[in-house]
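Structural description and commentary
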Amino acid sequence: MAVMKALGSEGVRVMMESALTARDRVGVQDFVLLENHTSEAAFIENLRKRFKENLIYTYIGSVLVSVNPYKELEIYTKQHMERYRGVNFYEVSPHIYAVSDNAYRSMRTERRDQCILISGESGAGKTEASKKILQYYAVTCPASEQVQTVKDRLLQSNPVLEAFGNAKTLRNDNSSRFGKYMDIQFDFRGAPVGGHILNYLLEKSRVVHQNHGERNFHIFYQLIEGGEEDLLRRLGLERNTQQYQYLVKGNCPKVSSINDRNDWKAVRKALSVIGFNDDEVEELLNIIASVLHLGNVQFGAEESGNAYITTDTQIKYLARLLGVEGSILKEALTHKKIIAKGEELMSPLNSEQAASARDALSKAVYGRTFTWLVNKINLSLAYKDDLYPLSKNASVIGLLDIYGFEVFQQNSFEQFCINYCNEKLQQLFIELTLKSEQEEYESEGITWEPVQFFNNKIICDLVEEKFKGIISILDEECLRPGDASDLTFLEKLENTVGGHAHFVTHKLADGKTRKVMGREEFRLLHYAGEVNYNVNGFLDKNNDLLFRNLKEIMCQSENKILTQCFDREELTDKKRPETTATQFKNSLAKLMEILMSKEPSYIRCIKPNDAKQAGRFDEVLIRHQVKYLGLMENLRVRRAGFAYRRRYEVFLQRYKSLCPDTWPNWKGRLADGVSTLVKHLGYKPEEYKLGRSKIFIRFPKTLFATEDALEVRKHSLATKLQACWRGYSQKSKYLKMRHSAILIQAWWRGILALREAKRRRTAADTIRRFIKGFIYRKQPRCPENEYFLDYVRYSFLMNLWRNLPKTVLDKSWPTPPPALTEASEQLRNLCMQNMVWTYCKRISPERKHQLEQKLVASEIFKDKKDNYPQSVPKLFASTRLNGEEISPKVLQALGNEKMKYAVSVTKYDRKGYRARPRQLLLTASCAVIVEDSKLKQRIDYSALKGISVSSLSDGLFVLHVPCEDNKQKGDVVLQSDHVIETLTKVAICADKINNVNISQGSIKFTVGRGKEGVIDFTPGSELLVTKAKNGHLSVTAPRLNSR
Ligand SMILES: Nc1ncnc2c1ncn2[C@@H]1O[C@H](COP(=O)(O)OP(=O)(O)OP(=O)(O)O)[C@@H](O)[C@H]1O
Ligand SMILES: [Mg+2]
């Protein structure tokens, strides 16, 4: 095809096909391709060829025909799933995964809910097919952590429901004894996010009775075989199925294909995945165990015929497991409560009645628990949309796996319901594939040769028609006062529908038929075959009666599941409950509505033999099924018809982008638009037809090629859209940012301006206050000047703080405002004290001593002697002569007296004033004059009268001693280069501070007894010491400007 080639899809397909092995192409993969499509033999031959090669799947158009292989095939691996994922189903060999994927993709692309209808007789593989579909979705759909939980729960709901609702029958070792319709909900990403199950009519009678070769529901055997020892002990059960009356009726304890112990483990695991806690499991098992105990309750008959219970231990277990009072249970099992004229009466039952009351209780308990279980699973599968809790945006794929058509030796009410259900499904199939399709061609004006098929509506009507149908007659018989029985029901049937072409009874039958029919049977000629139904039990099963007192006791149960199953309101509700058949009829009608609202896919299951054997192809059995499933008619309609149809507007809307004339919009008539479009796509005339409002496309591959083209086109459109969108989004992002920036700027400028205005206002206020304060500054403190005054104080203190004097000598201090004069003075004192204190703390003892001496010097000489200022910065030495410079003899002569100071001096003779070098030594008690190593003179301080010195800059001084002292030879005239230091030391040592006399002009001194010498001091240019002509010692000392 042109489009295909252009896109290279051909290449893809060739690759796909080459991936298929030649084996896959045995026979034809689609019956539509059969040469002789009207031949049933060719049809069956094709089935057989493929079956022999283990190719169990074949299409009739889009309907999948599946033959049960009765063996595990290697065609359900992950690789197989991947191969079918996202691939058009005609491109790969037929498979259930292709149908699953097709439904999934239709749901995603067309946003239409889908349903997959699986039909076929019991054992044909419906349940297996539904499981395969579920697994396919679980593996291939997008996942997340949350979705994984949902997937697990969806998958694990199967083993639980099968344990409680499936059983071994003669037809199937794992026969579904309930109908199941399951919705899988997908979110907008296509991930499974939830599910919901609708269950239909469980075959409750199996709880109390099984036909020969059949078993009760699996769970009973699983519990007994697999249950842990202490669990069984708690439940009062023995590990022996033969002990239980309800499990021995079919005489079929073991089935080779079933491993109850392993299944038990799987069920326990599944229960916890679904969300059952240990308590709930325990309560559930209590119920299962109590059903087994109920079955073992036996009755004896008193002489009066009244029943009594012979098995008291069972009652004990039952009371505990059901959480009821044993004595009340006992009474309820053997009596019937009658309400007559508002009074309650207990009427005793005979042993037969008691046994059927017991069985009714078992069936009710089991049946209701099963419904509870489905509800519980539904709760755990419920879709909770966290993102959009109020939206209902989940798309749905429904899976219908319901009990298949079945025929036994003895068929009862249950088979009647099951086969009626299959009749309805066949009707739906006919409606949707055969009938409506042909009607549509007619109404669309497509030339068409009608295909004849058997419409089973006539049988459906026979069963369900109001007033005239079998169900109505059965209900009427159930409700009618008087002694209605199963036989009167049969009679009534004969009278009412006796003439119907699909109804026969023993009485109405011809001789041949009569031979194979019992008197209590009626025969229905179903679409799938003839079935004889035994009317025995029809009325009871339809009434589904449970005595009031048994209902009451169940309402009182302490078992939480039972209290949910048995509602107290039921006891007070006066309305008669709907009969079982009517309930079933109504629920099927609802199911049909659900299915009609969705787009269906079909899987038609075929059972190859009755022996459940692999590789056995029983032609008679298969021909029968091909016939009643209407597969030949289906094929004929397919061959003549069109695989695909769509309303013009839908078709155009979807594919308009593939043709320049229709893109982006077609302005003319829709039909013309579609015609232009398909011509552009290169459709050949035989590939399609245009009807009144729809286009009909004959082959799926034509449509798939168009889909492929759309896929490619979508990519280029998406790229274009992406580019536009990116441009647009970048631009709007930029504009938004720009706008935001401008906004921020404006705001910021506003803020700045506000701040500036505020600052100015504050400044003006401050200035104003300042000026006002200045004007009023002299006034006492008042509001006008307080700011100013405070400010002045503050600024004075701050200024002071910044400029505090750093040393004691720094006398600077800011001028305080008048108000702070006193405070300033105090602060100044404090500051000074502080500095002094700090200074004193830092001073060393040596320095202290030095300063004390300097202080003494200052007291003596300050402002009195010219060379004093020069001495101030020079430190006083502790001594001017060290030990070596003083003669040891002298030191020896001084003995113990410690030397305090020694200095070289010049001594002037008293007479001639000759200058002689001497040493002056000071000890604690005397001053000593030393000549070389001779101690020349010792002046005790006590004898020292005073010291004289000139006010000039010379170094002469006189030590006055009393002239009376013979030892002395008169006052001593000395000269020291360090006169200030020397005299200070002498004054301190001799304690003569106040005896230092500083003379202005001359100094007199005694020279021996009575004689006096004079030293004249005159200022001059340089130091000169001479003997004057007048006999005085004349000293000229340079004048220093320091004083
Ligand atoms: N695809 C398959 N591969 C292998 N074995 C299969 C397959 N389909 C069915 N079987 C076998 O056939 C048995 C019966 O199939 P299944 O239980 O699906 O039948 P059914 O149509 O659901 O019957 P019923 O109406 O009684 O429930 C399965 O237990 C299994 O052993
Ligand atoms: Mg089944």
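From a predicted model like this one, the values you see are computed outputs, not experimental measurements.

With respect to the confidence of the model for the protein chain
Here the protein chain averages 88 in pLDDT, while 96% of its residues score no lower than 70. Taken together, the stretch residues 1-23 has pLDDT below 50 and engages in 34 contacts with residues farther than four places along the chain or on a different chain.

Some words on a nonpolar patch on the surface
A contiguous nonpolar patch, built from L743, W747, W748, I751 and L752 and spanning about 530 Å² of accessible area, is present on the exposed surface. Relative to the assigned elements, L752 resides in helix 31 (residues 700-775). By relative accessible area, which is 40% here, L752 ends up partly exposed.

Topic: the layout of surface pockets
Here the largest pocket is characterised by a volume of approximately 2,000 Å³. Around the largest pocket sit 47 residues that line it, and R368, D544, P577, E578 and Q583 are the ones nearest its centre. If you list the elements that add at least two residues to the lining of the largest pocket, you get strand 7 (192-200), strand 10 (335-340), helix 16 (351-381), helix 22 (538-543), helix 23 (548-555), helix 24 (560-565), helix 25 (569-572) and helix 26 (580-596). By residue number, the principal contributor to the lining of the largest pocket is helix 16, which donates 9 residues. Split into classes, the residues belonging to the lining of the largest pocket amount to 18 nonpolar, 15 polar and 14 charged.

What to know about the pattern of salt bridges
The final tally for this structure, using the stated rule, is 58 salt bridges. With a closest N to O distance of 3.4 Å, R112 and E599 form a salt bridge. Here E599 lies in strand 16 (residues 599-606) and R112 lies in the loop between helix 5 (96-110) and strand 3 (114-119), a separation of 487 residues in the sequence. A salt bridge links E756 to R760; the shortest N-O distance between them is 3.1 Å. Of the two residues, E756 and R760 are both situated in helix 31; the distance of 4 residues between them amounts to about one turn of the helix. Salt bridges sharing partners connect three or more residues here, namely E40, E45, R48, E619 and R623.

Section: the packing of helix 7 (residues 145-165) against helix 12 (residues 260-274)
Closest axis-to-axis distance for the helix 7/helix 12 pair is 8 Å, and the angle between their directions is 135°. When the axes of helix 7 and helix 12 are compared, the pair comes out oblique. Remark: the crossing between helix 7 and helix 12 carries left-handed chirality. Judged by residue contacts, D152, R153, Q156, S157, P159, V160 and A163 of helix 7 engage V267, K269, A270, L271, V273 and I274 from helix 12. Broken down by class, the residue content of the contact of helix 7 with helix 12 amounts to 8 nonpolar, 2 polar and 3 charged.

Rules and cut-offs
Residues numbered from 1 in each chain as written. Chains lettered and ligands numbered in written order. Predicted model: local features only at pLDDT ≥ 70, side-chain atom pairs only at ≥ 80, totals over all residues. Heavy atoms only, no water. pLDDT = per-residue confidence, 0-100. Contact = heavy atoms within 4.5 Å. Patch = residues over 30% accessible without salt bridge, like charges linked within 9 Å, V, L, I, M, F, W, Y side chains within 5 Å. Areas by Shrake-Rupley, 256 points an atom, 1.4 Å probe, with all protein chains shown as cover. Salt bridge = Lys/Arg side-chain N within 4 Å of Asp/Glu carboxyl O. Helix = DSSP H or I, 4+ residues; strand = E, 2+ residues; numbered from the N terminus. Buried < 20%, exposed > 50% of the residue type's maximum accessible area, 1.4 Å probe, protein only. 1 Å grid on protein atoms, 1.4 Å probe; cavity = no way out; pocket = protein on both sides within 12 Å on 5 of 7 lines; lining within 4 Å. Points joined across faces, edges and corners; volume = space filled by probe spheres on them. Nonpolar A, V, L, I, M, F, W, Y, C, P; charged D, E, K, R; others polar. Axes fitted to C-alpha atoms, helices over the stretch in contact; angles between N-to-C directions. Parallel < 35°, antiparallel > 145°, perpendicular 65-115°, else oblique. Left-handed = near helix turned anticlockwise from the far one by under 90°.

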